[in-house]
Amino acid sequence: MSLSSRMIIVLTTVGLISGGFLAGVAQLTKERISLNIQKEIEEAIVEVIPGTTQNKKLYQEEDFTIYSGQDESGSTTGYAVQATGIGFQDKITLMFGIDDSLKRITRITIIDQKETPGLGAKITDWNAFLQFWEDRDASGQLTLRKPPAGSLEDLLPSEINTITGATISSQKVLEIVNLSLEKLKKIISEGKIAVEGHDVN
Amino acid sequence: MSTKSIGAEYLKGLWDENPVFRQLLGMCPTLAVTGTVITGLAMGLATTFVLIFSSLVVSSIKKLIPAQVRIASYIVVIASFVTIADQFLKAYFYPISKAMGPYVPLIVVNCIILGRQEAFASKNSAGRSLIDALGMSSGFILALLVLSTIREILGAGTFLGYQIMGAWFKPWTIMILPAGAFLTLGVLLGIALAIERKTMRN
């Protein structure tokens, strides 16, 4: 056998065996991986809309998903919006909860981020950042408070505290939420999803 | 062909030929995922898995592979095991997999692995290659643990996530940033070299 045909046969065989093997492994782990992702989203929904036990996906487009939350009796507890946008280093995926009158952001959680460890990554920290997102006024645009206020009570209802040393990461999270709020209101006012009796303004 | 005793074959990876401190291989994961002990350990174990199985496969099929396509064949074998490790972490250790980000797929280009195939597994028996892979992995894990322990304690005041420094301790943020990785590695390499010089003089 000539050398070149031997080279081709060996490389093809190695590739085929590896490929077949990997297809098997992918098949075995596929279900569990998608379960993990689903579980992560469900936990986030429960976290951002207090009192939620079940959820329903209402609307989905690229990097933007709306869920509704229900309590045990089946009445709506609010909506959760999952959105992805550009952060300081890489994309940030977050989820925020909003009450069913679309006037108040209940809470926010960060699902995925690759901000600078120790600085921008503090957007996932409750004490440094997330606690200042409780009960925010969602009727207009939210703004950043810089330098940050000492406690939640010192902030205006439409203000978010900036993380010291990570203004851009804080700003990016705020931008994603503001954009998503606009999108959410537009989608509901255009009647793209069925939401009963809401005055969106 | 290596003629060392089995014990020496294993032990060389821990110190004499330690992949990080002596050979300066695998610097990218060494610097990137040693911010916390848990990610350092996970990287060490994932690399161990890939190194052991790649060495076993490469040493078993070495006679079938023409020299001209050996590197390409090694890479395909290595990439397959890396993908398996990545899928496994995603399925069973999701939070750790998320914390390690792109660095698990990047094990493919970790020089320790390709280096051992070319320098050892392609010239030695499967059994000896297994011992070599175990030794090199242990050396790699050891290095990652030393580095990540120093960085996590100084940078966050914790070890494996548990607070071990008192309230008086102000974390050195720089230690968990990339600069802290370079500083720690530099100091450790200096110490390793100093020890080496001292033992050689005696």
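Here is what the cut-offs are and how they apply
Residues numbered from 1 in each chain as written. Chains lettered and ligands numbered in written order. Predicted model: local features only at pLDDT ≥ 70, side-chain atom pairs only at ≥ 80, totals over all residues. Heavy atoms only, no water. Pairing = 2+ DSSP bridges. Helix = DSSP H or I, 4+ residues; strand = E, 2+ residues; numbered from the N terminus. Contact = heavy atoms within 4.5 Å. Axes fitted to C-alpha atoms, helices over the stretch in contact; angles between N-to-C directions. Patch = residues over 30% accessible without salt bridge, like charges linked within 9 Å, V, L, I, M, F, W, Y side chains within 5 Å. Areas by Shrake-Rupley, 256 points an atom, 1.4 Å probe, with all protein chains shown as cover. Salt bridge = Lys/Arg side-chain N within 4 Å of Asp/Glu carboxyl O. Buried < 20%, exposed > 50% of the residue type's maximum accessible area, 1.4 Å probe, protein only. Core = buried A, V, L, I, M, F, W, Y, C linked by side-chain atoms within 4.5 Å. pLDDT = per-residue confidence, 0-100. Buried area = accessible area lost by both parts, 1.4 Å probe.

Caption draft 1: Looking closely at the sheet that holds strand β4 (residues 91-98) of chain A. All names here are of chain A. With antiparallel pairing, six strands are arranged side by side in an open sheet as β1-β2-β3-β4-β5-β6. Strands with a single pairing partner mark the edges of an open sheet, and in this sheet they are β1 (54-61) and β6 (136-137). Against the sheet, helix α2 (residues 167-189) engages β1, β2 (64-70), β3 (76-86), β4 and β5 (104-112), with an angle of about 55 degrees to β4.

Caption draft 2: Expanded view of a nonpolar patch on the surface. Residue and element names in this part refer to chain B. Taken together, the side chains of Ile38, Phe159, Leu160, Tyr162 and Ile164 define a hydrophobic patch exposed on the protein surface, amounting to about 490 Å² of accessible area. Summarising the element assignment, isoleucine 38 is placed in helix α3 (residues 37-61). Isoleucine 38 gets classed as partly exposed once you look at its relative accessible area, which sits at 39%.

Caption draft 3: Here's a closer look at the nonpolar core. Core analysis: the biggest nonpolar cluster contains 41 residues, and Met43, Val50 and Ile107 of chain B have the highest contact counts within it. Breaking this core down by element, the ones donating at least two residues are α1 (3-48) of chain A together with α3, α4 (70-92), α6 (111-121), α7 (126-156) and α9 (178-201) of chain B. Here valine 50 of chain B is in contact with Ile78, Phe81, Val82, Ala85, Ile107 and Ile113 of chain B, once residues within four sequence places are set aside. Ranked by size, the runner-up nonpolar core spans 32 residues in total, among them Phe64, Ile66, Ile105 and Leu130 of chain A.

Caption draft 4: Representation of the pairing of β2 of chain A. Residue and element names in this part refer to chain A. By the criterion of burial, β2 is predominantly enclosed, with seven of the seven residues buried. What you see with β2 is no split at all: Phe64, Ile66, Ser68 and Gln70 on one side and Thr65, Tyr67 and Gly69 on the other are buried throughout. With seven bridges joining them, β1 and β2 adopt antiparallel strand pairing. Looking at the pairing, lysine 56 lines up with serine 68 of β2. Connecting β1 to the next strand, β2, in antiparallel fashion are two residues, including aspartate 63 with a positive phi near 60 degrees. Alignment of β2 against β3, held across seven bridges, turns out to be antiparallel. Following the sheet pairing, phenylalanine 64 is matched in β3 by alanine 83.

Caption draft 5: Local environment of the confidence of the model for chain B. Taken as a whole, chain B shows an average pLDDT of 91; of its residues, 100% reach a score of 70 or greater. Overall fold confidence (pTM) sits at 0.80, and the ipTM for the predicted complex is 0.80.

Caption draft 6: Quick peek at unusual backbone geometry. All names here are of chain A. The omega angle of the peptide bond from lysine 146 to proline 147 is 0 degrees, so this bond is cis rather than trans. Its place among the elements puts proline 147 in the loop between β7 (143-145) and β8 (159-161). Even without a glycine there, the phi angle at aspartate 63 is positive, about 60 degrees. Assignment of secondary structure puts aspartate 63 in the loop between β1 and β2. Phi is positive for leucine 102, close to 60 degrees, though the residue is something other than glycine. Here leucine 102 lies in the loop between β4 and β5.

Caption draft 7: Structural context of the pattern of salt bridges. Taken as a whole and judged by the stated rule, the model has 15 salt bridges over all chains. Of the charged contacts, one joins lysine 172 of chain A and glutamate 175 of chain A as a salt bridge, the two residues approaching to 3.9 Å between their closest N and O atoms. Taken together, the positions of lysine 172 of chain A and glutamate 175 of chain A, both in helix α2 and three residues apart, correspond to about one turn of that helix. By relative accessible area, lysine 172 of chain A is classed as partly exposed at 23%. In this structure, the salt-bridge partner of arginine 116 of chain B is aspartate 132 of chain B, at a minimum N-O distance of 2.9 Å. With arginine 116 of chain B in helix α6 and aspartate 132 of chain B in helix α7, this residue pair connects regions lying 16 residues apart in the sequence. The two residues arginine 116 of chain B and aspartate 132 of chain B agree in class, both being buried. Taken together, the salt bridges that share partners define one network made up of Glu9, Lys12, Arg116, Arg128 and Asp132 of chain B.

Caption draft 8: Here's a closer look at the interface of chain B and chain A. Facing the 22 residues of chain B at the interface are 24 residues of chain A. Carbon and sulfur atoms supply 73% of the area that chain B and chain A bury against each other, a total of about 2,100 Å² over both sides. Per-residue buried area on chain B facing chain A is highest for Gln87, Tyr94 and Lys98 of chain B; these three make up 23% of the total on that side. Here chain B is connected to chain A by one salt bridge. Here glutamate 40 of chain A ties to lysine 98 of chain B by a salt bridge, and the two come within 2.4 Å at their closest N and O atoms.

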